[in-house]
Amino acid sequence: MDRDGSSSFSSLKTYLLALADTPSRVARRAGSASTSFDEMSRARSRSGSDMRRSLRWFDLVGFGLGGMIGAGVFVTTGRASRLYAGPSVVLSYAIAGFCALLSAFCYTEFAVDMPVAGGAFSYIRVTFGEFGAFLTGANLILDYVLSNAAVARSFTAYLGTALGISTAAKWRVTIPALPKGFNEIDFFAVIAVLIITVVICYSTRESSVLNMVLTSLHVLFLVFIVVVGFYRGEWKNFTKPADPVHHPGGFFPFGVSGVFNGAAMVYLSYIGYDAVSTMAEEVQNPVKDIPIGVSGSVILVTVLYCLMAASMSMLLPYDLIDTEAPFSAAFRGGSDGWKWVSNVIGVGASLGILTSMLVAMLGQARYMCVIGRSSVVPAWFARVHPRTSTPVNASLFLGICTAAIALFTDLDILLNLVSIGTLFVFYMVANAVIYRRYVSVGSTNPWPTLSFLFCFSLTSIIFTLIWQFGPSGKLKAFMLGACTVIAIAVLQIFHWVVPQARKPEFWGVPLMPWIPSISIFLNIFLLGSLDGPSYARFGFFSALIVLVYVLYSVHASFDAEEDGSLSQKNEEFMKESNESEDPSLKV
């Protein structure tokens, strides 16, 4: 295991020879797909010790709640309501929750069939090969690190709000010599990140207990906000703005398009469930616990988010809502004895930030661990400590990177770098679950399925572009209707003509291929609602990831293949029905 990359990187001469051979190595390795059996046995053995199976369904529900109910809802709700949806932001949360649930179904089928810590990376690797998996996994890790750094910075701000202290003046050190946006040193953010890093290195079981305690307290704070909002709010605020002359009224002040644009914004509050799938390797009974844990947490969070959005809409007319701190600002401006609620909200948000950081940092470490198992990054990251049964090396490395970024980088700069990568990964997983159901390597022609996925995605993209940029009127409605009819026709023809090559042994996405196809469409539709800087970030980091793959990863995995550690692209795969028949690997 320690030899990965030795033949290509042993000297400058051998590395230059390897670079000269890059095209043939990329052709050989980029599309090389793993198998479920390999991911659960040979690849997992590269970590040395196994991760301890100590989690149950309620632990996964707790991780899902902790990962999703973070600081996002305290910010995105205000912006989505004020700028896009108005009071109908309640429906925006319901639509976003429905979209998240469909994606969660796709994750669950993979996680039950292949309970490993790699999450989306492993799912893409067994379907679309090494390069697609590396691109998605690396984007996810970048999103995790940057978003955790942003959340750590916001923790300092919310904690200061809870205590009535000016964060910038008291808790951050300004260094004029550094450029603006990088000159406010935040030691409290670094301390928070390092403490959580130590906790997740020590034990997953104890991390779950800590998450349960923090999440329970946070949920109580949120329930308090909902109750107070309904108690103090007025129903008329659902339909009447404060300034009807300059702002439209009604429950849908920005129309149906505003509801969907709001859903694209608030969807980022749901992305924490992705980290739950990385816990699959540490679950006692994956067949039972994973479906309940993943889907149950998404449903509970959706209900809670809708209640919070309704509470905020009752407190204030949508055109008076503060886009940055909607809940705390609704109470802070009053003089009727309720200003103390703003401090309570600051405490609740601080707890939510800690839980979301805990779950996200657990997830990012497990992604890095499994990517290390695949030999596209140094195998040092794959090591699992024999005493703690946790990926200590990956946890420490990513924790230090997160702390270093959180130390000096401004919150606004970080937030502009995060968003699109996660939606892209959800889109890829929905495609992968269809491909895996309808294609069996070596015995099924993959082109009918690939053609369907291409045509359906293309139709969804055209629909999204027309929705976003088409002029209003009957022509736009006709074109949208035509795209809808074409997409349904393509989907139904595929359903009739192409038989499923594989049926899940324990748990599968229902109504195949309809549910993952709807998930594909919704993820593309939400991707179309993101701004230009998000695509610029995605393009920049994707190019950087491709460069790393070409200069290092493909050569390291090629060497591992030569050593016999990885399977070859054209190797005779064992049948999946035989691979997954070992019950010990399933549960």
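K.L.:
With reference to specific residues and values, describe the overall build of the protein.
P.N.:
Within the protein one finds 27 helices and two strands. Among the 587 residues that make up the protein, the fraction classed as buried is 57%. The long-range share in the protein, meaning contacts at least 24 apart out of those at least 6 apart in sequence, stands at 83%. For the protein, the exposed surface amounts to about 23,100 Å²; the carbon and sulfur share of it is 69%.

K.L.:
Run through the confidence of the model for the protein, naming residues and quoting values.
P.N.:
Per-residue confidence for the protein gives a mean pLDDT of 81, with 86% of residues at or over 70. Looking over the protein, one finds the lowest element-wise mean pLDDT in helix 27 (residues 583-586), namely 40, and the highest in helix 22 (residues 447-469), namely 93. Residue range residues 1-5 is modelled with pLDDT below 50. Its contacts to residues more than four positions away, or to other chains, number twelve contacts.

K.L.:
Run through the environment of F252, naming residues and quoting values.
P.N.:
Within the secondary structure, F252 sits in the loop between helix 13 (204-232) and helix 14 (255-266). As for F252 and A85, which are separated by 167 residues in sequence, their C-alpha atoms are 6.7 Å apart. With residues up to four places along the chain from it excluded, the contact list for F252 reads S88, L91 and V259.

K.L.:
Can you break down empty space enclosed by the protein residue by residue, with the values?
P.N.:
Summed over all chains, the structure comprises two cavities of 30 Å³ or more. Here the second largest cavity is characterised by a volume of approximately 30 Å³. Along its surface, the second largest cavity is lined by L60, V276, S277, M279, A280, V283, I290 and V294. Contributions of two or more residues to the lining of the second largest cavity are made by helix 15 (273-277) and helix 16 (286-315). Its residues assigned to classes, the lining of the second largest cavity shows seven nonpolar, one polar and no charged.

K.L.:
Give a detailed account of the packing of aromatic side chains, specifying residues and quantitative values.
P.N.:
Counted according to the given criterion, the structure contains 33 aromatic pairs. With centroids separated by 5.2 Å and ring planes inclined at 55°, the aromatic side chains of F128 and Y435 adopt a geometry described as tilted. Here Y435 lies in helix 21 (residues 420-438) and F128 lies in the loop between helix 9 (120-125) and helix 10 (130-163), a separation of 307 residues in the sequence. A residue is classified by how much of its surface remains accessible, and F128, at 25% relative accessible area, is partly exposed. Taking 6.3 Å as the distance between ring centres and 55° as the angle between the ring planes, the aromatic pair formed by F463 and F525 counts as tilted. One end of the pair, F463, is in helix 22; the other, F525, is in helix 24 (residues 514-527), and 62 residues separate them in sequence.

K.L.:
Give a detailed account of the packing of helix 21 against helix 24, specifying residues and quantitative values.
P.N.:
Contact pair helix 21 / helix 24: the axes reach a minimum separation of 9 Å and the direction vectors enclose 160°. Comparing the axis directions of helix 21 and helix 24 gives the class roughly antiparallel. For the crossing formed where helix 21 meets helix 24, the hand is left-handed. Residue-level inspection shows I420, L423, F424, F426, Y427, A430, N431, V433 and I434 of helix 21 in contact with helix 24, the latter providing P516, S517, S519, I520, N523, I524, L526 and L527. Classifying every residue of the contact of helix 21 with helix 24 gives 13 nonpolar, four polar and no charged.

K.L.:
I'd like a description of the nonpolar core, backed by residues and values.
P.N.:
Counting 144 residues, the largest nonpolar core has Y93, Y267, Y273, V429 and I434 as the members making the most contacts within it. When near neighbours in sequence (up to four residues on either side) are disregarded, Y273 contacts M68, A100, S103, A104, Y107, Y267, V294, V298 and F426.

K.L.:
Give a description of the environment of V213 that names residues and reports values.
P.N.:
For V213, the position within the fold is in helix 13. Residues V213 and G62, 151 residues apart in the sequence, show an inter-C-alpha distance of 9.3 Å.

K.L.:
Describe the pattern of salt bridges, listing the residues and the values that go with them.
P.N.:
The tally for this structure, following the rule as stated, stands at ten salt bridges. One network of salt bridges, in which partners are shared, links R28, R29, E130 and E561.

K.L.:
Let's hear about the state of the cysteines: which residues, and what values?
P.N.:
Inspection of the entire model under this criterion finds zero disulfides. For the unlinked cysteine C106, the closest cysteine sulfur is that of C99, found at 9.9 Å.

K.L.:
Run through the side chain of S440, naming residues and quoting values.
P.N.:
Inspection of the secondary structure assignment puts S440 in the loop between helix 21 and helix 22. Its relative accessible area of 14% is what places S440 among the buried residues. Here S440 is in contact with A501 and R502, once residues within four sequence places are set aside.

K.L.:
Before we move on, can you summarise a nonpolar patch on the surface with the specific residues and values?
P.N.:
The grouping of V173, I175, F187, I191 and I195 at the surface amounts to a nonpolar patch, some 440 Å² of accessible area in total. The biggest single contributor to the nonpolar patch is helix 12 (residues 187-202), with three residues. Inspection of the secondary structure puts I191 in helix 12. Its relative accessible area of 46% is what places I191 among the partly exposed residues.

K.L.:
Explain unusual backbone geometry to me, using residue names and the numbers behind them.
P.N.:
That bond from M512 to P513 is cis: its omega, 5°, falls within 30 degrees of zero. Looking at the secondary structure, you find P513 in the loop between helix 23 (474-497) and helix 24. The backbone of S375 sits at a positive phi, close to 75°, despite the residue not being glycine. Its place among the elements puts S375 in the loop between helix 18 (340-373) and helix 19 (392-408). Judged by relative accessible area, S375 falls into the buried class, the value being 5%. Phi is positive for S389, close to 60°, though the residue is something other than glycine. On the secondary structure map, S389 appears in the loop between helix 18 and helix 19. In this structure S389 comes out as buried when scored by relative accessible area, which is 7%.

K.L.:
Mind laying out the environment of A80, listing which residues take part and the relevant values?
P.N.:
Considering the arrangement of structural elements, one finds A80 in helix 7 (residues 72-85). Accessibility expressed as a relative area gives 0% for A80, which makes it buried. Taking the C-alpha atoms as reference points, A80 and A264, separated by 184 residues in sequence, lie 8.9 Å from one another. Apart from the residues within four sequence positions on either side, A80 is in contact with A85, G86, V89, G262, M265 and V266.

K.L.:
Provide a residue-level description of the packing of helix 18 against helix 19, including the pertinent values.
P.N.:
Where helix 18 contacts helix 19, the two axes come as close as 8 Å, and the packing angle between them is 125°. Relative to helix 19, the element helix 18 is oriented oblique. As helix 18 packs across helix 19, the resulting crossing turns out to be right-handed. Residues M361, Q364, A365, M368 and C369 of helix 18 form the contact with helix 19, whose participating residues are A394, S395, L398, G399 and T402. Residue composition of the contact of helix 18 with helix 19, by class: six nonpolar, four polar and no charged.

What counts and what doesn't
- Residues numbered from 1 in each chain as written.
- Predicted model: local features only at pLDDT ≥ 70, side-chain atom pairs only at ≥ 80, totals over all residues.
- Heavy atoms only, no water.
- Helix = DSSP H or I, 4+ residues; strand = E, 2+ residues; numbered from the N terminus.
- Buried < 20%, exposed > 50% of the residue type's maximum accessible area, 1.4 Å probe, protein only.
- Contact = heavy atoms within 4.5 Å.
- Areas by Shrake-Rupley, 256 points an atom, 1.4 Å probe, with all protein chains shown as cover.
- pLDDT = per-residue confidence, 0-100.
- 1 Å grid on protein atoms, 1.4 Å probe; cavity = no way out; pocket = protein on both sides within 12 Å on 5 of 7 lines; lining within 4 Å.
- Points joined across faces, edges and corners; volume = space filled by probe spheres on them.
- Nonpolar A, V, L, I, M, F, W, Y, C, P; charged D, E, K, R; others polar.
- Phe/Tyr/Trp six-rings, centres within 6.5 Å; stacked < 30°, edge-to-face > 60°.
- Axes fitted to C-alpha atoms, helices over the stretch in contact; angles between N-to-C directions.
- Parallel < 35°, antiparallel > 145°, perpendicular 65-115°, else oblique.
- Left-handed = near helix turned anticlockwise from the far one by under 90°.
- Core = buried A, V, L, I, M, F, W, Y, C linked by side-chain atoms within 4.5 Å.
- Salt bridge = Lys/Arg side-chain N within 4 Å of Asp/Glu carboxyl O.
- Disulfide = S-S within 2.5 Å.
- Patch = residues over 30% accessible without salt bridge, like charges linked within 9 Å, V, L, I, M, F, W, Y side chains within 5 Å.

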